[in-house]
2 protein chains.
Amino acid sequence: MNIGDVAERSGLPAKTIRYYEDIGLIRPHRSANGYRCFAETDLHKLAFLARARALGFTIEDCRTLLGLYEDETRASADVKQLVQEHLSIIETKITDLQAMRDTLTELVQCCAGDNRPDCPILRDLAGESDCTQGA
Amino acid sequence: MNIGDVAERSGLPAKTIRYYEDIGLIRPHRSANGYRCFAETDLHKLAFLARARALGFTIEDCRTLLGLYEDETRASADVKQLVQEHLSIIETKITDLQAMRDTLTELVQCCAGDNRPDCPILRDLAGESDCTQGA
DNA sequence: CCTTGACCTTCCCCTAACTGGAACCCCCAT
DNA sequence: ATGGGGGTTCCAGTTAGGGGAAGGTCAAGG
């Protein structure tokens, strides 16, 4: 298969696939004309990577996961631990974003949103006041 | 004030403050010796930026917000709209992360996490099976 | 007067994970 | 032979700074 075919079948852009080769995640063969020549196993790996990336794993996590996947003697505990660490990073991000959302929601509710300049959001950012009353 | 003082008082690293000058968010004066010389208004702006950044606004958002803050003829509607757009980006991120979390949580629960190689997480990433049973 | 240490300056490279574009090659159909 | 749609490499840019080098400045102490 050429890169266009695996791109379509894996759902990854060709650019990304070349990048993954660059950083050593995959090693497709080359045809006589210099084109990358992908086997089914390469496509399989790319699909694996696409799914792992979609679950938010970093590239380095993906590298590790791929290594574990190919290691028939792995311990599932190693996989589980990696995933749990990733999960806790995600939980932290969610918590942080929720805090932002809550604050911003409150600010938005306090702002008249008309054509007058008075704005509790800007006052808050300037540290001048709480949201519910004027400066 | 020198940069160290405003760094401490604004909570921003000196590096960040220099960067903000680089990209035109602030314009501190210079002393005769070439040192940046910050007025209270600069410190005020930096605190504004620190708070806006902590709420997840991009640097470009911050630039716009600062412009609105300094524009006495602004309409609060413009501020509100910017914040609402930012909010919807945050909501999207939260939703995405929650979806990842839910999937990963399910996968983790299915994995024995022992020293055997059999791992439903890897099977899932490989697209081989659902989580609750072997391949 | 000299030194020491803390502070400041600019400059350049590095990060993550790609994306866009330029310049060029290859293959097939007309 | 030529046009279009593949493919190739390499370079630069993205966010929001961080790390560190090489060097100027200032105040205190010996």
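How each quantity is defined
- Residues numbered from 1 in each chain as written.
- Chains lettered and ligands numbered in written order.
- Predicted model: local features only at pLDDT ≥ 70, side-chain atom pairs only at ≥ 80, totals over all residues.
- Heavy atoms only, no water.
- Phe/Tyr/Trp six-rings, centres within 6.5 Å; stacked < 30°, edge-to-face > 60°.
- Helix = DSSP H or I, 4+ residues; strand = E, 2+ residues; numbered from the N terminus.
- Buried < 20%, exposed > 50% of the residue type's maximum accessible area, 1.4 Å probe, protein only.
- Contact = heavy atoms within 4.5 Å.
- Buried area = accessible area lost by both parts, 1.4 Å probe.
- Salt bridge = Lys/Arg side-chain N within 4 Å of Asp/Glu carboxyl O.
- Polar contact = N/O pair within 3.5 Å; in protein donor to acceptor, adjacent residues only side chain to side chain.
- Least-squares fit on C-alpha atoms with pLDDT ≥ 70 in both.
- Near = heavy atom within 4 Å.

This next bit is on the packing of aromatic side chains. All names here are of chain B. Enumeration according to the criterion identifies 4 aromatic pairs over all chains in this entry. Geometrically, the ring pair formed by Y19 and Y20 is tilted, given 6.1 Å between the ring centres and 45 degrees between the ring planes. When the centroid spacing of 5.0 Å and the interplanar angle of 35 degrees are considered together, the rings of F48 and Y69 count as tilted. Of the two residues, F48 sits in helix α3 (residues 40–54) while Y69 sits in helix α4 (residues 59–70), which places them 21 residues apart along the sequence. Both residues of the pair, F48 and Y69, count as buried.

Attention now moves to the interface of chain A and chain B. Contact residues are listed per partner, giving 51 residues for chain A and 51 residues for chain B. Roughly 4,300 Å² is buried in total at the junction of chain A and chain B, and carbon and sulfur atoms are behind 72% of that figure. On the chain A side of the contact with chain B, L104, L122 and L125 of chain A bury the most area, a combined 15% of that side's loss. Inspection of the region where chain A meets chain B yields 4 salt bridges. If you look at where chain A meets chain B, you find 16 residue pairs in polar contact (both at pLDDT 80 or more). Residue assignment for the side of chain A that touches chain B shows that the elements contributing at least two residues are α3 (40–54), α4 (59–70), α5 (76–110) and α6 (120–125) of chain A.

What follows is about the relation of the copies chain A and chain B. Think of it as a corkscrew move, a rotation about one axis and a shift along it, taking one chain copy to the other. The transformation that overlays chain A on chain B combines an axial shift of 0.0 Å with a rotation of 180 degrees, and the residual RMSD is 0.1 Å. Both chain copies can therefore be described as sitting about a two-fold axis. Among all residues of chain A, the minimum C-alpha distance to the rotation axis is found for I94 of chain A, at 3.0 Å. Comparing interface residues between copies, 100% of those in chain A also sit at the interface in chain B, which points to an isologous, same-surface contact.

Looking now at the protein's contact with DNA strand D. The environment of DNA strand D is made up of 19 residues, and the closest members are G4 and R36 of chain A together with K15, Y20 and R53 of chain B. Protein-adjacent atoms of DNA strand D, using a 4 Å cutoff, are sugar or phosphate at a proportion of 69%. K15 of chain B is positioned such that a nitrogen or oxygen atom in its side chain is 2.4 Å from a base oxygen of DNA strand D. With respect to DNA strand D, the side chain of T16 of chain B contributes an N or O atom lying 3.1 Å from a phosphate oxygen. In terms of residues, the surface near DNA strand D owes the most to one element, helix α2 (residues 14–22) of chain B, which gives 4 residues.

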